[in-house]
Amino acid sequence: MISFDMRTIMVSILLTFLVSTVIFLIIWIQYHKRYRGGMFSKNLLSDLKDVEEKSYSAGNETTAEQEKYSELIQVERNLLRALIDNLPDSVSIKDKEGHFLLNNNSHLEMIGAENQQEVLGKTIFDFLPEKEAAISDGDDRNVLLTGKMMLDKVESSVHAGTGFSHTHLTSRIPIPGPDGKPVQLITISHNITDRKRAEDALRDSAEFNRSLLITIPFGMDIVDEQGTVLFLSDNLKKTYGQDAIGKKCWDIHRDDKKECTDCPLRRGIVNGKTEKYESDGFIGGRVFEIYHTGMNYHGKKAMLEIFHDITERKQTEDELTRSKEKAEESDKLKTAFLHNVSHEIRTPMNAIVGFTSLLSEPGLTPENHQSYLDIISQSSNHLLSIVTDIIEVSNIEAGKLKLNMNKVVVHSVMEKLFKQFSLTASLKGLELIYEQPDNEPDKHFYTDYTKLFQVLSNLLANACKFTRNGSVKMGYNFQPDNIEFFVSDTGIGIPQDQQTKIFERFYQVDNGHDRQFEGTGLGLSLSKAYVEFLGGKLWVESEAGKGSTFYLNLPC
Ligand code: ADP
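Residues numbered from 1 in each chain as written. Predicted model: local features only at pLDDT ≥ 70, side-chain atom pairs only at ≥ 80, totals over all residues. Heavy atoms only, no water.

With that settled, consider the sheet that holds strand β5 (residues 182–191). Across the sheet, which stays open at both edges, the five strands sit in the order β2-β1-β5-β4-β3 with antiparallel pairing between neighbours. The open sheet is flanked by β2 (100–103) and β3 (150–158), the only strands paired with a single partner. Ignoring which end each strand starts from, the neighbouring axes of this sheet average 25° apart. On top of the sheet, helix α6 (residues 130–146) reaches β1 (90–95), β3, β4 (165–176) and β5; it is set at about 165° to β3, its chief contact. Sheet contacts for helix α7 (residues 193–215): β4 and β5; angle to β4, the most-contacted strand, approximately 130°. (Pairing = 2+ DSSP bridges. Helix = DSSP H or I, 4+ residues; strand = E, 2+ residues; numbered from the N terminus. Axes fitted to C-alpha atoms, helices over the stretch in contact; angles between N-to-C directions. Contact = heavy atoms within 4.5 Å.)

Rendered as structure tokens:
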């Protein structure tokens, strides 16, 4: 802008200078009335020369006054020529037919000519490619025809010397003859190639920034030192609205409308320093990674922030961590399970093998014989139940669990269980209590009898196993749509944090090497799978050291 004004001033000065020189010459010539030849036949300078020559050729003695004027003119002419020649802008003067009458150094260089002599009398067609020359010539003719100046036309052409394309602002000024009609043409070209390149580069860069802002999938803002929003990217503007500018950044970004606890603004803005921090509690409970850089924005210290929504990534990471922990846990559990299973299998197997060989001992009394057979039978059943449990686990995993629904009279199931576990309880010195609801001996419902029996057996076996003294209580209650069984004990109880885990496959509380209780860690997970398959629920309420109550709720 400044350079454009400067140029206009320079053109005006030059024009004023040229016009005043012309006026001066005309007055001078009129004054002496010596000159009769064709005025402005070639150009201003040559006209002056003619005047002088004609003065001499007239054979008149040159007066001192004439000499003085002559010197003055020479000085003016030299000054004018030096000025024109050394102007940084290209200046040329042409006659009506387009022949060059004057070219300054800059113009000579532009058209690739060595000196003035080389150019005099030639036209632009002798120096520029046909197409460019025709455009320039057309403009020249237009100005000469209309007599109107043409100012600051943007022209592009190829530099004759370097071959590089360059751009200039060209003005064409007609010079009128005595009758007022244009007879010559001054052309002044100001090279704006660098400015144009800078403008193009600036425009490209602005366009690039604009597209970047529209395209990037991140939100971006600029805030001042107090957290006031100065700028928002388009996507954030769409989210928060145009009036978000001027608000505090935490008012627009955060759910709690409070400044982030680790807000970098508190540490002060350092120009050019880039850091990132993670912050949750962003609008809609999202988590963001925020990259921020200290900068100057409209002369103010400011911070550019780029927001990257990492909520999904965080969730995935959390899930992965959980899965990893689960996989590790499951691995640990499986190792513990293998350890337990081998122990569990070995115990009855040893009994079977040992007592079977004892059976062939000579002199065995019939009582011993019978008790050995009982032990072998018990151990076989135990072994069978372990194998059955393992097979059931794989059946559940393979989705092969099948139900066999039948009418179940609740009281008869409970009585059978009571009888079966009375012996186990009494062997441990525990009291087994059956809390039977009044007047409900025949109440029944439909379910899978075997599975129900197996689940309640597991619960009672555990209750007896994990209770050292006190009692084990069993019972049920009919409710409008379901029946709720319970098995409670006064045993070791289950710590709060493990009350869900015990229903996971292979999980056993305190399953270290010094564990005193037998088991595979499969009973509760199988029971839970059965109950859920039957449309019911199995859960526990327990207090470590005081006892546990397992509840089993089935639809009826
Ligand atoms: P197992 O009894 O074969 O170890 P379960 O799946 O039946 O496997 O039980 C898993 C774990 O839950 C047990 O090892 C034990 O730590 C805990 N548990 C189950 N029932 C009770 C109970 N009545 N009292 C205390 N802990 C229990």
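That shown, we press on.
What follows covers the packing of aromatic side chains. Scanning the model with the defined rule gives 13 aromatic pairs in all. With centroids separated by 5.2 Å and ring planes inclined at 55°, the aromatic side chains of F355 and Y372 adopt a geometry described as tilted. Taken together, the residues span a long stretch of sequence, with F355 in helix α10 (residues 311–359) and Y372 in helix α11 (residues 366–397) at a distance of 17 residues. Ring geometry for Y476 against F485: centres 6.1 Å apart, planes inclined by 45°, an arrangement best described as tilted. We classify Y476 as buried; its relative accessible area is 1%. In this structure F485 comes out as buried when scored by relative accessible area, which is 1%. In this structure, K416 packs its charged tip against the face of F453, placed 5.0 Å from the ring centre. Positioned above the aromatic ring of W539 is the side chain of K537, whose terminal nitrogen or guanidinium carbon lies 5.0 Å from the ring centre. (Phe/Tyr/Trp six-rings, centres within 6.5 Å; stacked < 30°, edge-to-face > 60°. Buried < 20%, exposed > 50% of the residue type's maximum accessible area, 1.4 Å probe, protein only. Lys NZ or Arg CZ within 6 Å of the ring centre and 35° of its normal.)

Time to look at the environment of V270. For V270, the location among the structural elements is in the loop between α9 (249–253) and β8 (274–282). Judged by its relative accessible area of 45%, V270 is partly exposed. Taking the C-alpha atoms as reference, V270 lies 8.7 Å from M303; in sequence the two are 33 residues apart.

If you walk through the whole model with that rule in mind, you get six cavities of 30 Å³ or more. Here the second largest cavity is characterised by a volume of approximately 90 Å³. Lining the second largest cavity are C249, W250, H253, R254, E259, C260, C263, Y277, F282, I290, E305 and F307. Put simply, the parts of the chain that give the lining of the second largest cavity at least two residues each are α9, β8 and β10 (300–309). When residues of the lining of the second largest cavity are assigned to their parent elements, the largest contribution, three residues, is made by α9. Here the residues of the lining of the second largest cavity sort into eight nonpolar, one polar and three charged. (1 Å grid on protein atoms, 1.4 Å probe; cavity = no way out; pocket = protein on both sides within 12 Å on 5 of 7 lines; lining within 4 Å. Points joined across faces, edges and corners; volume = space filled by probe spheres on them. Nonpolar A, V, L, I, M, F, W, Y, C, P; charged D, E, K, R; others polar.)

What is shown is where atoms sit, not what they do.
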